[in-house]
Amino acid sequence: MAIRKRIKNLSKLARELLAEGESVRSDFKRLPDGISADDLVAFANSETGGQILAGVDEQVVDKAQIGVVRGCDVSDATVLQVLNKAVSCIPPVSIDVYIENLDDKPILRVEVPPSQTKPHCTPKGVYCRRDGARNRPLHPSELLRLFLDSEASAFAARFEVAAERITDELSNLESSLDSSIKSMSDQLGWADYQLGDTESTLDHIQGLVAKLTIDTDNANSRLRALFRQDEREDPVRKKARTQYVNRCIKEIREDGGLFAHVVAGGRLTLKGEQPEDSDITDEDAKQLLKIAVRHVHDTERDKLYQIVVKAPKACSDDELDKFAAKVVGGGEVADGIRDRAKRAFRLGFVIYDDTIVGTAALKRPAARYRAKVFKNASSQLAPAAYPYELGWIFLDVPHRQKGQMTRLINDLLPAAKDSALFATTRTSNEVMREMLTQLKFSEDGTEYKSEQNPEDTVKLFVRTAPQTQTSG
């Protein structure tokens, strides 16, 4: 990490970034002091890395935000300050610093390549990545995926060593087999001439076979231990586990009493123990039986659910009444919900045993309403770029954590035809915020006071169109 180059004018890349405005690959800072560990970590954790231009202001030209050079301090002390921030990240972030436009108003261009040692976090333990023109915290599932990716190469190296050891073991076993077979052949040949020693010869052969059995078992145990390293399963064991679960599922479905017991939410326990030489241990068997029971129960339960998505004009008066009642019961909106629901783009229903237990809607709100929401949230995004709103999401408590709302929204969103969307939720609604995050929405702007619940605040979430997400 050092100063790579000093340039009298602006490089072609810098000019492109200024004209493009802040994006998934660039960030502008008025002063070098504005470069934070969060910025460095966010780019290092992304797939493409990015560039930070210090000494640049943002300016709106023809309704588009671009970067305007204002210049900044580019002394060695300033560069060292930026380098120190990169080194303070955990693990340190690799950067290259370029000093450009020396003949006019000098700027710093900090290049942050995508890291091979991610995930990185700030000295305060914050994990984030670049998302559009902002930094956002990493979702736990994203963080886990990054850790697994980084561990994959380490495991590959360990496995390569283990594979070499396995090869050696197999070679030794092959030599042992060859030697033993030759010895057996010699003994059998000698027996043709020494009939009186037949009993002694057979005893010797039996001993050799016993030794081969022990050697084979030992090699098999070593192979299993190697494949179970870092809790990774070998293909044979994985196949055995799958077959065991399928066998349990079949037995449950074929036994009327067991089937009824499981569908009603009952549990099952094992009878007897697994053979000692089985690929399935007693603990494995208990765990796999639970998986089979849960599969049968959830499959039968899900048959009672129905997901329905349709235009309001295709809904009956009874359906509109029940939709409105369910949303009002959730405490998310004020009066007049039925008339507003009739003006929505699509309405979605989660139906359980012919009863509506959940709702969601895809709306195309007026420009005035969108402008108000984005203004209240102090968002820097253009409301016109987000024509659809996801809202009126509610699910009765007994039906939560079963994947049904996710099914509904996944059926609802295709009607937006890959357009950008926004949604709002009460800040205290952790379940809703978590679900929006899983649906690839991200928080934007600041919290603002709720009109329906004055004691609470509202948070804006946005999801950009897929074509603008692919570069991030």
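Residues numbered from 1 in each chain as written. Predicted model: local features only at pLDDT ≥ 70, side-chain atom pairs only at ≥ 80, totals over all residues. Heavy atoms only, no water.

Peer 1: Looking at this structure, I do not really get the overall build of the chain. What am I missing?
Peer 2: The helix and strand inventory of the chain stands at 14 helices and 16 strands. Accessible surface, the chain: about 26,800 Å² in total, of which carbon and sulfur atoms supply 51%. (Helix = DSSP H or I, 4+ residues; strand = E, 2+ residues; numbered from the N terminus. Areas by Shrake-Rupley, 256 points an atom, 1.4 Å probe, with all protein chains shown as cover.)

Peer 1: Sorry, what's going on with the packing of helix H6 (residues 235–254) against helix H8 (residues 282–302) here?
Peer 2: Relative placement of two packed helices is described by the angle separating their axes and the distance separating the axes. Axis separation between H6 and H8 bottoms out at 9 Å; the angle between their running directions is 50°. The angle between H6 and H8 places the two elements in the oblique class. You can see that H6 and H8 cross each other, and the crossing is right-handed. Where H6 abuts H8, its residues Arg237, Arg241, Tyr244, Val245, Cys248, Ile249, Ile252 and Arg253 lie against Asp284, Ala285, Gln287, Leu288, Leu289, Ile291, Ala292, Val293, His295, Val296, Thr299 and Glu300. Grouping the constituent residues of the contact of H6 with H8 by class yields twelve nonpolar, three polar and five charged. (Axes fitted to C-alpha atoms, helices over the stretch in contact; angles between N-to-C directions. Parallel < 35°, antiparallel > 145°, perpendicular 65-115°, else oblique. Left-handed = near helix turned anticlockwise from the far one by under 90°. Contact = heavy atoms within 4.5 Å. Nonpolar A, V, L, I, M, F, W, Y, C, P; charged D, E, K, R; others polar.)

Peer 1: What should I look at first to understand the nonpolar core in this one?
Peer 2: The nonpolar side chains of soluble globular proteins are, as a tendency, buried together. Counting residues in each nonpolar core, the largest one holds 26 residues, and the members touching the most others are Leu362, Leu390, Ile393, Met405, Ile409 and Phe441. Counting residues in hydrophobic clusters, the runner-up holds 24 residues, among them Phe43, Cys72, Cys89 and Ile99. (Core = buried A, V, L, I, M, F, W, Y, C linked by side-chain atoms within 4.5 Å. Buried < 20%, exposed > 50% of the residue type's maximum accessible area, 1.4 Å probe, protein only.)

Peer 1: Is there a simple way to explain helix H1 (residues 12–20) in this structure?
Peer 2: For H1, the complete set of buried residues consists of Ala14, Leu17 and Leu18. Along the axis of H1, the buried residues cluster in a sector spanning 100°; they form a single face. What points out from H1, more than 90 degrees from its buried face, is the exposed set Lys12 and Ala19. At the C-terminal side of H1, Gly21 shows a positive phi close to 80°. (Arc of directions from axis to C-beta.)

Peer 1: What's the story with the pairing of strand S11 (residues 346–352) in this structure? I'm lost.
Peer 2: Every other side chain in a regular strand lies on the same face of the sheet, so the side chains alternate between the two faces. Counting buried positions along S11 yields five of seven residues, so the element is predominantly enclosed. Sheet topology places strand S10 (residues 305–310) next to S11; six bridges connect them, and they run antiparallel. Within S11, the residue paired with Lys310 across the bridge is Leu347. Judged from the seven bridges that link them, S11 and strand S12 (residues 355–363) form a sheet pairing that is antiparallel. Considered in S12, the bridge of Leu347 is made with Ala361. (Pairing = 2+ DSSP bridges.)

Peer 1: So what exactly am I meant to see when it comes to unusual backbone geometry here?
Peer 2: Backbone phi values are negative for most residues with the exception of glycine, while trans is the configuration of most peptide bonds. Between Ile90 and Pro91 the backbone carries a cis peptide bond, its omega angle lying at -15°. Relative to the elements of secondary structure, Pro91 occurs in the loop between helix H3 (76–88) and strand S6 (96–100). That bond from Lys118 to Pro119 is cis: its omega, 10°, falls within 30 degrees of zero. Within the secondary structure layout, Pro119 lies in the loop between strand S7 (107–112) and strand S8 (128–131). A positive phi angle, close to 70°, is found at Asp354, a residue other than glycine. Structurally, Asp354 is set in the loop between S11 and S12. Among the residues examined, Asp354 registers a relative accessible area of 73% and is labelled exposed. Residues other than glycine seldom take positive phi values, yet Asp418 does so here, at roughly 65°.

Peer 1: Looking at this structure, how should I read the state of the cysteines?
Peer 2: In a disulfide, the sulfur atoms of two cysteines are held together by a covalent bond. Enumeration over the complete set of coordinates arrives at zero disulfides. Residue Cys128 stays outside any disulfide, its sulfur separated by 8.9 Å from that of Cys89, the closest cysteine. Take Cys128: its relative accessible area is 2%, and that puts it in the buried class. (Disulfide = S-S within 2.5 Å.)

Peer 1: Looking at this model, I keep getting lost on the packing of aromatic side chains. Mind explaining?
Peer 2: How two aromatic rings sit relative to each other is set out by the distance from centre to centre and by the angle between their planes. Using the criterion set out here, one finds six aromatic pairs in the structure. A ring pair is formed by Phe323 and Phe349, whose centres lie 5.6 Å apart and whose planes are at 75°; its orientation type is edge-to-face. Of this pair, Phe323 sits in helix H9 (residues 317–329) while Phe349 sits in strand S11, and the two are 26 residues apart along the sequence. As far as burial versus exposure is concerned, Phe323 and Phe349 are alike and both buried. Looking at Arg346, its charged tip hangs above the ring of Phe345, at a distance of 4.4 Å from the centre. The side chain of Lys363 reaches across the aromatic face of Trp392, ending 4.1 Å from its centre. (Phe/Tyr/Trp six-rings, centres within 6.5 Å; stacked < 30°, edge-to-face > 60°. Lys NZ or Arg CZ within 6 Å of the ring centre and 35° of its normal.)

Peer 1: Looking at this model, I keep getting lost on the confidence of the model for the chain. Mind explaining?
Peer 2: When pLDDT is low, close inspection of the predicted coordinates is not appropriate. When pLDDT is averaged along the chain, the result is 83, and 78% of the positions lie at 70 or above. Ranking the elements of the chain by mean pLDDT puts helix H14 (residues 466–469) last with 48 and strand S3 (residues 50–54) first with 95. Note that pLDDT drops below 50 for residues 467–472; the model gives that stretch eight contacts with residues more than four away or on any other chain. (pLDDT = per-residue confidence, 0-100.)

Peer 1: Explain the side chain of Arg301 here, please?
Peer 2: Examined against the element boundaries, Arg301 turns out to sit in helix H8. When its relative accessible area of 15% is taken as the criterion, Arg301 is described as buried. Among the polar contacts listed, one links the side chain of Arg301 to the side chain of Asp302, at a separation of 3.0 Å. In contact with Arg301, other than residues within four places in its own chain, are Tyr352 and Lys402. (Polar contact = N/O pair within 3.5 Å; in protein donor to acceptor, adjacent residues only side chain to side chain.)

Peer 1: Explain the sheet that holds strand S15 (residues 442–449) to me, please; I cannot follow it from the model alone.
Peer 2: Sheet strands associate in pairs through backbone hydrogen bonding, adopting either a parallel or an antiparallel arrangement. A sheet is described by the order of its strands in space; here seven strands give the open sequence S10-S11-S12-S13-S14-S16-S15, paired in mixed fashion. Of all the strands in the sheet, the pair left with one neighbour each is S10 and S15. The sheet shows a mean angle of 20° between the axes of neighbouring strands, taken without regard to direction. Bridge analysis of S12 against strand S13 (residues 388–395) gives five bridges, and the strand direction is antiparallel. From the neighbouring strand, Gly358 faces S13, where its bridge partner is Leu395.

Peer 1: Looking at this structure, how should I read the pattern of salt bridges?
Peer 2: Pairing of side chains with opposite charge becomes possible as their charged atoms draw close. Tallied over the full model, the rule gives 28 salt bridges. The salt bridge involving Arg426 is made with Asp456; its shortest N-O contact spans 3.9 Å. Of the two residues, Arg426 sits in strand S14 (residues 421–426) while Asp456 sits in the loop between S15 and strand S16 (457–463), which places them 30 residues apart along the sequence. For Asp456, a relative accessible area of 13% corresponds to the buried category. The network of salt bridges with common partners includes Asp27, Lys29, Asp39 and Arg130. (Salt bridge = Lys/Arg side-chain N within 4 Å of Asp/Glu carboxyl O.)

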